[in-house]
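Structural description and commentary
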Amino acid sequence: MPTLRTPLIGALAAALAVGAAVTALPAHAAAPHLTAAFAQSSVWDTGYGARITVGNSGDAAATGWTVEFDLPAGTTVAGSWSATRSQSGTHYTFVNLGWNGTVAPGATQSFGFNAAGGGLPLNCTVNGAPCGGGGSGTPAPTPTPTPTASPSPNPSPTPTPTPTGPVVDVATAAQLSAALADAAPGRTIRLAPGEYHGAFLAQRAGTAAAPITLTGPRTAVLVNDGPSGEAPACPAPTAGWDPGYGLWLYGAPYWNLTGFTVRDAKKGVVLDSSPHVTIDGLYVHHTEDEGVHFRRSSADGVIRNSVVEYTGLVQPGYGEGVYLGSAGSNWGCHGNSGGVDRSDRVLVENNRIGPYVAAELIDVKEGTTGGTIRGNTFDGRGISGQNSADSWVDVKGVDYLIENNTGTFAAPGTFANGYETHNPSTTPAFANGCGNTWRGNRSDLGGVGAYAIKVTSVSACAGRPNTVYASNTATGAVSGLTNVPVTP
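Residues numbered from 1 in each chain as written. Predicted model: local features only at pLDDT ≥ 70, side-chain atom pairs only at ≥ 80, totals over all residues. Heavy atoms only, no water.

In the nomenclature of an unreviewed UniProt entry, the protein is known as Cellulose binding domain-containing protein of Kitasatospora terrestris.

Structure follows, in structure tokens:
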């Protein structure tokens, strides 16, 4: 799996201009030559998101970097990723992590931050030299920002009921890891605001009558700075291996995950062999691959009132927002129910998914059945088109109800249809991509997508047809609502 993490949000601009020689070396000796480039990736009423890219225009590799700058009074860094941050008054210092410190000639590394307030960086230096190549280091005017992303995204989580069992309050990564390892039915683990850096794994089971709850405010942020170590043949908790997941439930049914944030991880939230898990009001963003994955027969789960955006930052074709089940080619690892990943009957409800989800916003895999996708908002900006990712929802499962969702698309991105079905063959055989129902969905394809609902094969589902009701609407569709007869 990749260890290089280079998020690609918005256009990189040379706003903190070029050229800081790192070390004075004899003439003609090979040396790194670092530059720092600032770009806003999003802007909102009370702040902005930004990325600083460190590039090397020299002829030798740089083995570490430190970027420093000041922010005007009234502006602070509210959060950051892909660097270790420290602060002294209005002065901020960002130092590379272990995996992104080397910058080869012609290559780049980057980190990002969210600012509270509108002031832009001043007096920037990279490895002690002015980012402005000997000038003041003050950034030039910022280019026009890319489409915005809310720093306090809605919807909000359902209020967590007052705990009736024991409550464990945690405020550090070590305390969180210990609480997860010691979790018991009926227990609530409550996160204090702050960043928690580590590999967070839960392997304890709750019960239907006494689930385990992990809860916290949105300002409680889980960050995984991995991956590291040697991976086993199939993902399973292994000594010395960090898969890079923000939060991993493995063999941990009956959990409630509410309110907090997961970001800057290889994958956001991964559920393996963990049925009956409810995810409510999480904010998952800036992941290398997918945001939330129900895997290894993690059936009867729920994800509601959550926000998933900015996924697939390193592997766009594997940057799904919500991923239900596993591809048939991966059942050898994840097919633990008769050789099939039966992550069935998952409810995906009232979430905002996108923008900048690089693969499908929801990918429903073959072999799964009976789920519901209802009341979600899909923002298709940033769909990459890689690995056949060119729709909001790709349905390869069976008997899904898809209703009352709102989808939009606008540049940038690659967009073929709003919803698609596909019929991959599997062993054992299933009527994959069949028996699904669409009703009450509102689709705006931005004048780019062909159909709001594209049924790939009618003949493959002759015994279990897909149904598209007239209550669905489409605007900006090149070819119309659907390519199959509409049911009144």
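Before going further, it helps to examine the sheet that holds strand β38 (residues 451-454). If you trace the 10 strands from one edge of the open sheet to the other, you get β14-β17-β20-β23-β26-β29-β32-β35-β38-β41, paired in parallel fashion. Pairing within the sheet leaves two strands with one partner each, and these edge strands are β14 (201-202) and β41 (480-482). Pairing analysis gives 3 bridges linking strand β29 (residues 362-364) to strand β32 (residues 393-395), with the strands arranged parallel. The residue bridging V364 from the neighbouring strand is V395, located in β32. (Pairing = 2+ DSSP bridges. Helix = DSSP H or I, 4+ residues; strand = E, 2+ residues; numbered from the N terminus.)

What follows concerns the state of the cysteines. As enumerated under the stated definition, the model contains 2 disulfides in all. The partner cysteine of C434 in its disulfide is C461, sulfur to sulfur 2.0 Å. With the S-S bond torsion at -75 degrees, the cross-link from C434 to C461 turns out left-handed. Here the residue C434 occupies a position in the loop between β35 (419-421) and β36 (437-439), and C461 occupies one in the loop between β38 and β39 (467-468), the gap between them amounting to 27 residues. We classify C434 as buried; its relative accessible area is 0%. According to the relative accessible area criterion, C461 is buried, its value standing at 3%. (Disulfide = S-S within 2.5 Å. Buried < 20%, exposed > 50% of the residue type's maximum accessible area, 1.4 Å probe, protein only.)

With that settled, the discussion passes to the side chain of N472. Examined against the element boundaries, N472 turns out to sit in the loop between β39 and β40 (473-475). For N472, the side chain forms a polar contact with the main-chain nitrogen of R439, separated by 3.5 Å. Of note is the side chain of N472, whose polar atom sits 3.4 Å from the backbone nitrogen of G440. When near neighbours in sequence (up to four residues on either side) are disregarded, N472 contacts W438, R439, G440, N441, I453 and L481. (Polar contact = N/O pair within 3.5 Å; in protein donor to acceptor, adjacent residues only side chain to side chain. Contact = heavy atoms within 4.5 Å.)

This part takes up the packing of aromatic side chains. The tally for this structure, following the rule as stated, stands at 17 aromatic pairs. Between W241 and W248, the ring centres sit 6.0 Å apart and the planes meet at 85 degrees, which makes this aromatic pair edge-to-face. On the accessibility criterion, W241 (9% relative accessible area) is buried. Aromatic side chains W392 and Y419 sit 5.6 Å apart centroid to centroid with 75 degrees between the ring planes, which places their arrangement in the edge-to-face category. Here W392 is found in the loop between β31 (377-379) and β32, whereas its partner Y419 is found in strand β35, with 27 residues between them in sequence. Both residues of the pair, W392 and Y419, count as buried. (Phe/Tyr/Trp six-rings, centres within 6.5 Å; stacked < 30°, edge-to-face > 60°.)

Moving on, we come to the sheet that holds strand β4 (residues 66-70). In any sheet, the strands associate via hydrogen bonds between backbone groups, in a parallel or an antiparallel arrangement. Spatially, 5 strands are ordered β6-β7-β4-β9-β10 in an open sheet, and the strand pairing comes out antiparallel. If you trace the sheet from one side to the other, it starts and ends with β6 (84-88) and β10 (129-130), each paired once. Two strands pair when backbone bridges link them, and strand β9 (residues 122-126) and β10 are joined in this way by 2 bridges, in the antiparallel orientation. Each bridged residue has a counterpart across the sheet, and for T125 the counterpart in β10 is P130.

Core analysis: the largest hydrophobic core is formed by 59 residues, its most contacted members being W255 and L257. With 3 residues, the single largest contributor to this core is helix α1 (residues 173-181). Discounting residues that sit within four places of it in the chain, L257 has contacts with L214, L247, L249, V269, V277, T278, I279, D280 and L282. I52, V77, F111 and A115 belong to the second largest nonpolar core, which has 23 residues in total. (Core = buried A, V, L, I, M, F, W, Y, C linked by side-chain atoms within 4.5 Å.)

This part covers α1. Within α1, burial applies to L176, A179 and L180. Axial view of α1: buried residues confined to an arc of 100 degrees, hence all on one face. (Arc of directions from axis to C-beta.)

With an omega of 0 degrees, the peptide bond running from A411 to P412 counts as cis. When you line up the elements, P412 lands in the loop between β34 (406-408) and β35. T427 connects to P428 through a cis peptide bond whose omega is 0 degrees. Looking at the secondary structure, you find P428 in the loop between β35 and β36. Within the chain, S297 stands out as a residue other than glycine whose phi angle is a positive 60 degrees. Its place among the elements puts S297 in the loop between β23 (292-295) and β24 (302-304). For S297, a relative accessible area of 12% gives the class buried.

With that out of the way, let us pick up the side chain of S306. Mapped onto the elements, S306 comes out in the loop between β24 and β25 (307-309). Since its relative accessible area comes to 2%, S306 is described here as buried. One polar contact links the side chain of S306 to the main-chain amide nitrogen of G281, over a distance of 3.2 Å. Beyond its immediate chain neighbours, meaning those up to four positions away, S306 contacts P155, I279, D280, G281, L282, N350, N351 and R352.

The next thing to look at is the pattern of salt bridges. Opposite charge on two side chains makes pairing possible when the charged atoms of those side chains draw close. Per the counting criterion, the structure on display carries 21 salt bridges. Between E349 and R374 there is a salt bridge, with its nearest N and O atoms 3.3 Å apart. Taken together, the positions of E349 in strand β27 (residues 347-349) and R374 in strand β30 (residues 372-374) put the pair 25 residues apart, joining distant regions of the chain. Ionic contacts of the salt-bridge type, sharing partners, join the residues R304, E349, R374, E403 and R439 into one network. (Salt bridge = Lys/Arg side-chain N within 4 Å of Asp/Glu carboxyl O.)

Along the chain, E360 turns up in the loop between β28 (352-353) and β29. Separated by 43 residues in sequence, E360 and G317 place their C-alpha atoms 8.6 Å apart. If we ignore the near neighbours within four places in the chain, the residues touching E360 are E320, G321, S388, A389, S391, W392 and D394.

Let us now look at the pairing of strand β11 (residues 167-170). Bridge count for β11 against strand β12 (residues 188-191) is 4 bridges, and the pairing is parallel. Its bridge partner lying in β12, D169 is registered against R190. What joins β11 to β12 is α1, and the crossover it makes is right-handed. (Right-handed = clockwise from strand over helix to strand, strands pointing away.)

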